[in-house]
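# A closer look at the structure
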Amino acid sequence: MPLPSISPMRSDDLDVVVAIERASFGMPWSRGAFLYEIEQIRVARCWVLREGDPVVAYLCLWEIGDELHVTNIAVH
């Protein structure tokens, strides 16, 4: 069984991330919202958790000064 690993979210993770998002929330973020978060918002930090290759969870937050604001989190 592969060990879990955490890495920064990339645009090629978004198919799986959006699928998890849609299964988890009634008002899910769009692919474009995730892309904007990871490419345009300087304070945003988004990570994915993998077990082997597949993404099984993700976390997005904003790091502002010495505070963290969780903006999105879900587990498959």
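Bear in mind that the values here come from a model prediction, so they are computed numbers and not experimental data.

When you go through the chain residue by residue, the secondary structure sums to two helices and four strands. Helices and strands in the chain line up, N terminus first, as β-α-α-β-β-β. Rg of the C-alpha trace for the chain: 12 Å, near the compact-globule value of 11 Å for 76 residues, within the 12% margin. Scored against the burial criterion, the 76 residues of the chain give a buried share of 29%. Here the analysis covers contacts within the chain between residues at least 6 apart in sequence; of these, 50% occur between residues at least 24 apart. Of the roughly 5,200 Å² of accessible surface on the chain, 58% is carried by carbon and sulfur atoms. Counting 6 positive and 11 negative side-chain charges, the chain places the averaged centre of each group 5 Å from the other.

Further remarks concern the environment of Pro 28. Take Pro 28: it is sitting in the loop between helix 1 (14-24) and helix 2 (31-40). Classification of Pro 28 as partly exposed rests on a relative accessible area of 35%. The sequence separation of Pro 28 and Pro 4 amounts to 24 residues, and the corresponding C-alpha distance is 25 Å.

Calculation criteria
As a convention, each chain's residues are numbered from 1 in the sequence order in which they are written. With pLDDT at 70 or above as the cut-off, local features in this predicted model cover only qualifying residues; side-chain atom pairs require 80 or more to be listed or tallied, and sums for whole chains, interfaces and linings still use all residues. Remark: hydrogens and water are excluded; side-chain values derive from all non-hydrogen atoms of the structure. Comment: elements are numbered from the N terminus, with helices defined as DSSP H or I runs of at least four residues and strands as E runs of at least two. Radius of gyration: over C-alpha atoms. The globule rule applied is 2.2 Å multiplied by the number of residues raised to the 0.38 power. Working definition: with a 1.4 Å probe on protein chains only, accessible area under 20% of the residue-type maximum means buried, over 50% means exposed, and in between means partly exposed. Contacts are residue-level and defined by heavy atoms, with any inter-residue pair within 4.5 Å sufficient. Using a 1.4 Å probe, accessible areas were evaluated by the Shrake-Rupley method; residue-level cover was limited to the displayed protein chains. As used throughout, the charge tally considers Lys and Arg to be positive and Asp and Glu to be negative, leaving His and the chain termini uncounted. Just so you know, the charge point we use is NZ for Lys, CZ for Arg, CG for Asp and CD for Glu.

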